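Take a look at the letters that make up each chain.
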Amino acid sequence: MTTLQEVRAWDAADPLADFRNRFALPEGVIYLDGNSLGALPRATAARMRDVIEREWGEGLIRSWNEQDWVSAPQRVGDKIARLLGAAPGEVIVADSTSVCLFKLLMAAGETRDGAILAESDNFPTDAHVAGRVAQLLGRDYRSVPRAEIADALTSDVAAAVIAHVDYRSGSRHDMPALTARGPRIVWDLSHSIGAVPLDLQRDGVELAVGCGYKYLNGGPGAPAFLYVASKLQTELQSPIAGWFGHAAPFDFSTTFEPAAGIGRFLSGTPAMLGLLALESGVDLMLEVEQAALWAKSARLYDLFAARMVAVCPELLNITPAQADARGSHISFAHPHALAIVRALIERGVIGDFRTPNIARFGLTPLTLSYEDVWTATETIAEVMASNAWRDDRFNSGGIVT
Ligand SMILES: Cc1ncc(COP(=O)(O)O)c(C=O)c1O
């Protein structure tokens, strides 16, 4: 069994340890929710002050050109492409994940006959969007449990949305194997980008979307990204024709002609403040060697899982043990998971709860030390052993997001 002394030695030798100082994390908090809302990079606070006071305040409308705001969706998209194993021009930043998904699923569905398929236990927005896309396209809508999705990818399916890493259990699909089955898949990479190694080109992925506010640390409600493999870009059309997706927006033509490349998936004026905050988070992530990031994530998981077996076996680990079958969070089932998570938050150990019975803890290697995991598991054990979670105030009240 690993000792606290050994864990401290791992921290002392951790090549990523210095990244923690690049984030403005409050004292006394062990933040295990960077998979839901990433922490604030110090550089982002400074960047936003400059963007607001100088670029907007002084530059005013001139900044669209002088600060190159106008090409920021493509520029930040190209940076995200490096984390995805995609080429420049294949990714653009826009909207929310839900809207990006709507755009790509509609576009994909239009190119082929057949049903629209979703995972019934995926993050609800994906199934909501897919159901509506099926309705709008006049297609059958199919929804099957995540565990059965491979068999449901049949030749009579036009397009499917699949989460690469599941938001609840953290299980990870075999992306190349599912992609090879034929139907067009829009991959939801919300719990993958900045968390697990990705190589969309190698894996033959055609379409993907993902969140900016989780592991990319882009800030609350940061814009999302969408990826369209270059070979598909002229074939696919956005269902929302808008002036920013026009081939020449500033010609103000009354006839819509989509931009030649990924820019056709823009619709309206990009939300510049959110976009530039996201860029700052992405820049930080690009400094990190992704293999080292994943190696630390895997070790954080192993430590968390082993400690829980040792000190708190009544919480059942539902995240796959095999590293390449999971993402970068660890989840435990317990009938009172919500009260347990609330009691932990009061103790400064911030995870979250997902229905019906899951306590979820994000393992973000840039902000967590191995000793944090040690302390968090000690705190969970204390909450369970003392029955602290049974207190009334943890069994009523507001939601935990
Ligand atoms: C897998 C997944 N997809 C989509 C979303 C929602 O994204 P948005 O709020 O940007 O539409 C989330 C949010 O947590 C998510 O976990």
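Residues numbered from 1 in each chain as written. Predicted model: local features only at pLDDT ≥ 70, side-chain atom pairs only at ≥ 80, totals over all residues. Heavy atoms only, no water.

Draft legend 1. Main features of the packing of aromatic side chains. If you walk through the whole model with that rule in mind, you get 12 aromatic pairs. Seen in terms of ring centroids, Trp10 and Tyr370 are 5.3 Å apart; in terms of plane orientation they differ by 85°. Their pairing is edge-to-face. With Trp10 in helix H1 (residues 4-12) and Tyr370 in helix H12 (residues 370-385), the pair connects residues that are 360 residues apart, well separated along the chain. The rings of Trp64, Trp69, Trp243, Phe244, Phe250 and Phe252 are connected pair by pair, giving a single aromatic cluster. Geometry around Tyr370 places Lys296 over its ring, the cationic atom sitting 5.6 Å from the centre. (Phe/Tyr/Trp six-rings, centres within 6.5 Å; stacked < 30°, edge-to-face > 60°. Helix = DSSP H or I, 4+ residues; strand = E, 2+ residues; numbered from the N terminus. Lys NZ or Arg CZ within 6 Å of the ring centre and 35° of its normal.)

Draft legend 2. Here's a closer look at the pairing of strand S7 (residues 207-210). Of the two faces of S7, the one carrying Leu207 and Val209 and the one carrying Ala208 and Gly210 are both buried. Pairing analysis gives 3 bridges linking strand S6 (residues 184-188) to S7, with the strands arranged parallel. Within S7, the residue paired with Asp188 across the bridge is Val209. In terms of strand pairing, S7 meets strand S8 (residues 224-228) through 4 bridges, oriented antiparallel. Residue pairing in the sheet places Val209 in a bridge with Leu226 of S8. (Buried < 20%, exposed > 50% of the residue type's maximum accessible area, 1.4 Å probe, protein only. Pairing = 2+ DSSP bridges.)

Draft legend 3. The arrangement of the layout of surface pockets in detail. Volume-wise, the largest pocket comes out at about 260 Å³. Forming the boundary of the largest pocket are 19 residues, of which Phe123, Ser190, Cys211, Tyr213 and Lys214 lie nearest the centre. Among the elements of the structure, helix H5 (97-110) and helix H6 (124-137) are those that each provide at least two residues to the lining of the largest pocket. Classifying every residue of the lining of the largest pocket gives 6 nonpolar, 8 polar and 5 charged. Of the voids in this model, the second largest pocket is the one considered here, and its volume is about 180 Å³. Together, 16 residues line the second largest pocket, and Gly38, Ala39, Leu40, Gly219 and Pro220 are the ones closest to its centre. Here the lining of the second largest pocket gets 3 residues from one element, more than from any other, and that element is helix H2 (residues 42-56). For the lining of the second largest pocket, a count of residues per class yields 11 nonpolar, 5 polar and no charged. (1 Å grid on protein atoms, 1.4 Å probe; cavity = no way out; pocket = protein on both sides within 12 Å on 5 of 7 lines; lining within 4 Å. Points joined across faces, edges and corners; volume = space filled by probe spheres on them. Nonpolar A, V, L, I, M, F, W, Y, C, P; charged D, E, K, R; others polar.)

Draft legend 4. The pattern of salt bridges, seen in detail. Here the structure, examined in full by the defined rule, presents 25 salt bridges. Salt-bridge contacts for Lys103 lead to Asp95; the nearest nitrogen and oxygen are separated by 2.6 Å. Between Arg146 and Glu119 there is a salt bridge, with its nearest N and O atoms 3.1 Å apart. Here the residue Arg146 occupies a position in the loop between strand S4 (141-144) and helix H7 (149-152), and Glu119 occupies one in strand S3 (residues 115-119), the gap between them amounting to 27 residues. Given a relative accessible area of 7%, Arg146 falls into the buried group. Residue Glu119 is classed as buried on the basis of its relative accessible area of 1%. (Salt bridge = Lys/Arg side-chain N within 4 Å of Asp/Glu carboxyl O.)

Draft legend 5. The domain arrangement of the chain, seen in detail. On domain assignment, one finds that the chain holds domain 1 (4-31 + 289-394) and domain 2 (45-286). Averaged C-alpha coordinates put domain 1 and domain 2 at centres separated by 29 Å. Listed as interface residues are 25 residues of domain 1 and, on the opposing side, 18 residues of domain 2. Together domain 1 and domain 2 conceal approximately 1700 Å² of surface at their shared face, both sides included; 59% is due to carbon and sulfur atoms. The largest per-residue losses of area from domain 1 upon contact with domain 2 belong to Gln290, Trp294 and His329, which jointly make up 27% of the total buried on that side. Summed over the shared surface of domain 1 and domain 2, the number is 0 salt bridges. Where domain 1 packs against domain 2, one counts 14 residue pairs in polar contact (both at pLDDT 80 or more). When residues of the side of domain 1 that touches domain 2 are traced back to their parent elements, those giving at least two are helix H10 (290-311), strand S10 (329-333) and strand S13 (358-362). (Domains from an automatic or database assignment. Contact = heavy atoms within 4.5 Å. Buried area = accessible area lost by both parts, 1.4 Å probe. Polar contact = N/O pair within 3.5 Å; in protein donor to acceptor, adjacent residues only side chain to side chain.)

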